[in-house]
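# Remarks on the overall topology
The chain contents come next:
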Amino acid sequence: MSIDESIGKSPGLVKSLGNLDALALGFGAMIGFGWVVLTGGWLSNAGTMGAMLAMLVGGGIMAVVGLTYAELTAAMPKAGGEHNFILRALGARPSFIGSWAITGGYVTIVAFEAVALPRTVEYIFPGMSQIPLWTVAGFEVNLTWALVGVLAAVLITWINIRGVKQAGVLQTFVVLFLLAIGALLIFGSFSGGEVQNMQPLFTPGISGFFAVLVAVPFLFIGFDVIPQSAEEVNIPAKQIGKLVVVSVIMATLWYVMVVLTTASAMPAGELAGADIATADAFGAMFNSDLMAKVLIAGGIAGILTSWNSLLLGASRLVYSLARSGMLPSWFGQLHPKYSTPANALLFIGGISVLAPFFGAEMLGWLVDSGAPSIIVAYFLVSVTFLVLRKREPQMDRPLRVGGNNNGGVIIGWVSVLLTAALFSLYMPGMPASLSWEPWAIFGVWWLLGAAFYFKVPAGIKPGEDAEHRVLEVVRRHRK
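Below, the structure is looked at part by part.

The rules behind the values
Residues numbered from 1 in each chain as written. Predicted model: local features only at pLDDT ≥ 70, side-chain atom pairs only at ≥ 80, totals over all residues. Heavy atoms only, no water. Core = buried A, V, L, I, M, F, W, Y, C linked by side-chain atoms within 4.5 Å. Buried < 20%, exposed > 50% of the residue type's maximum accessible area, 1.4 Å probe, protein only. Helix = DSSP H or I, 4+ residues; strand = E, 2+ residues; numbered from the N terminus. Contact = heavy atoms within 4.5 Å. Axes fitted to C-alpha atoms, helices over the stretch in contact; angles between N-to-C directions. Parallel < 35°, antiparallel > 145°, perpendicular 65-115°, else oblique. Left-handed = near helix turned anticlockwise from the far one by under 90°. Nonpolar A, V, L, I, M, F, W, Y, C, P; charged D, E, K, R; others polar. Pairing = 2+ DSSP bridges. Patch = residues over 30% accessible without salt bridge, like charges linked within 9 Å, V, L, I, M, F, W, Y side chains within 5 Å. Areas by Shrake-Rupley, 256 points an atom, 1.4 Å probe, with all protein chains shown as cover. Salt bridge = Lys/Arg side-chain N within 4 Å of Asp/Glu carboxyl O.

### What about the nonpolar core?
Among the nonpolar cores identified, the biggest contains 152 residues, and Trp35 and Tyr378 are the most heavily contacted of them. Per-element tally for this core: the top contributor is helix 5 (residues 92-124), with 17 residues. Leaving out residues up to four positions away in the same chain, Trp35 has contacts with Trp42, Leu178, Ile181, Leu185, Trp254, Tyr255, Val258, Thr278, Leu295, Gly298 and Gly299.

### Topic: the environment of Leu201
Mapped onto the elements, Leu201 comes out in the loop between helix 7 (164-192) and helix 8 (207-213). Between the alpha carbons of Leu201 and Ala51 there is a distance of 8.8 Å; along the sequence they are 150 residues apart. When sequence neighbours within four positions are dropped, the list of residues in contact with Leu201 reads Ala46, Gly47, Thr48, Met49 and Gly50.

### So, the packing of helix 16 (residues 362-391) against helix 17 (residues 407-424)
Put simply, helix 16 and helix 17 touch, their axes get as near as 9 Å, and they point 160° apart. As far as their axial angle goes, helix 17 and helix 16 are roughly antiparallel. Note that helix 16 runs across helix 17; the crossing there is left-handed. Touching Pro372, Ile375, Val376, Tyr378, Phe379, Ser382, Val383, Phe385, Leu386 and Arg389 of helix 16 are Gly408, Val409, Gly412, Trp413, Ser415, Val416, Thr419, Ala420, Leu422 and Phe423, all from helix 17. Class assignment of the residues belonging to the contact of helix 16 with helix 17 gives a composition of 14 nonpolar, five polar and one charged.

### A look at the pairing of strand 1 (residues 132-136)
With four bridges joining them, strand 1 and strand 2 (residues 139-142) adopt antiparallel strand pairing. Paired with Trp134 across the two strands is Val141, which belongs to strand 2. From the end of strand 1 to the start of strand 2, which pair antiparallel, there are two residues, and Ala137 there has a positive phi angle of about 50°.

### So, the side chain of Asn142
Assignment of secondary structure puts Asn142 in strand 2. Residue classification places Asn142 among the buried residues on the basis of a relative accessible area of 5%. Asn142 has contacts with Ser129, Gln130, Ile131, Pro132 and Leu133, leaving out every residue within four places of it along the chain.

### Comments concerning a nonpolar patch on the surface
On the surface, Leu53, Val57, Leu201 and Phe202 cluster together into a nonpolar patch covering about 320 Å² of accessible area. Secondary-structure assignment places Phe202 in the loop between helix 7 and helix 8. Taking relative accessible area as the criterion, Phe202 reaches 51% and is therefore assigned exposed.

### Regarding helix 4 (residues 82-90)
Counting buried residues in helix 4 gives eight out of nine residues, a clear majority hidden from the surface. Of the residues making up helix 4, those classed as buried are Glu82, His83, Asn84, Phe85, Ile86, Leu87, Arg88 and Ala89. Remark: Gly91 follows helix 4 within two positions and exhibits a positive phi of approximately 105°.

Structural data, given as structure tokens:
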């Protein structure tokens, strides 16, 4: 079905996801690979309690943002999430900015997972890197190494094209395996960990705390996948909104657990020198190299859950932008048999196919480059929440956060201030400012977006029918 055919009609997405499927998508998207490779750095930068505090503060910020998402998702359960919220409150061009921002965050993580997978598999099979191609930032890219990521990208894209139910089943199964790994981490910490290994609890100064905190948008992005798939969830709208907040709480608990269990396993000096700190710590808990490889299997599970969820979410955003006439109609076409946004999936899947050829140094750059875009989207959604509370007080809100008085408005303002403050941490001169490579990736994404932004009709006023009015203008221009 083309975008022109979808004007005024159902987009044809299939409602096939239940409660567990939606929760697995949101939680699984947040629990990617970062907890496996980044935990050692968190502990070195901030100390055990400093890293845990950063996770709690970051989880609290995301929970506040998640509350605004929860209300808006329940009120507007349509594919595209942020796109629909901002379009109704702020108009067409701000909606494009917010949608392009969160899509950029999703795409960087999808690319991250395509690089992280061969990096992880190599821990289990050290001799897999063969046939040198070139060197990127000191890392030698080998063909066999890159092909691991390429083949996984093709497979996950194919599963998503086959249908959201198939993707949901994969997600639920892998999340359950990941939770089993978490239970083993807790058991191993009690049986083989030592409290004295957690020293130092805090590192001097606050720069380490902020260095961990700025990773939070990257680590927690994924609860907003639930709004992206809202048209394909077969549960009440109010329940969809609640799942957003539940998934954030679950992710916060997961990251705190990983920090504490990893810190208890080995002295800080040994963790700092570990190849993959969490895996080495897991092996030390059980005094077994095999168990380290079991943890890596959990890391691979995290890669697959995050990759699967964010590919799904990104494709629905791109599809929604095309459905509104803000991207070429090619992106808005559904698969004739599976009713999935196949072309959007192929576009994002194609980016993930290319990513492994840039080598492992891309991991850090991708983490940092996507975070500012994510925060831009969260800020705009927070503003949207406040605008709709004021402009449309009688709007049907199956889930009204903060009660019927001013509690919700306070939550909205706190979300606006927290997201603005978090964005400022990335600026030059701040304790956790970014290097030039992430800003270069950030700039390339927004230059590409600018090519589409100026084609979005200007002067379209916000409102419930804003999408229809944008489409009418676009259709007239195409004739």
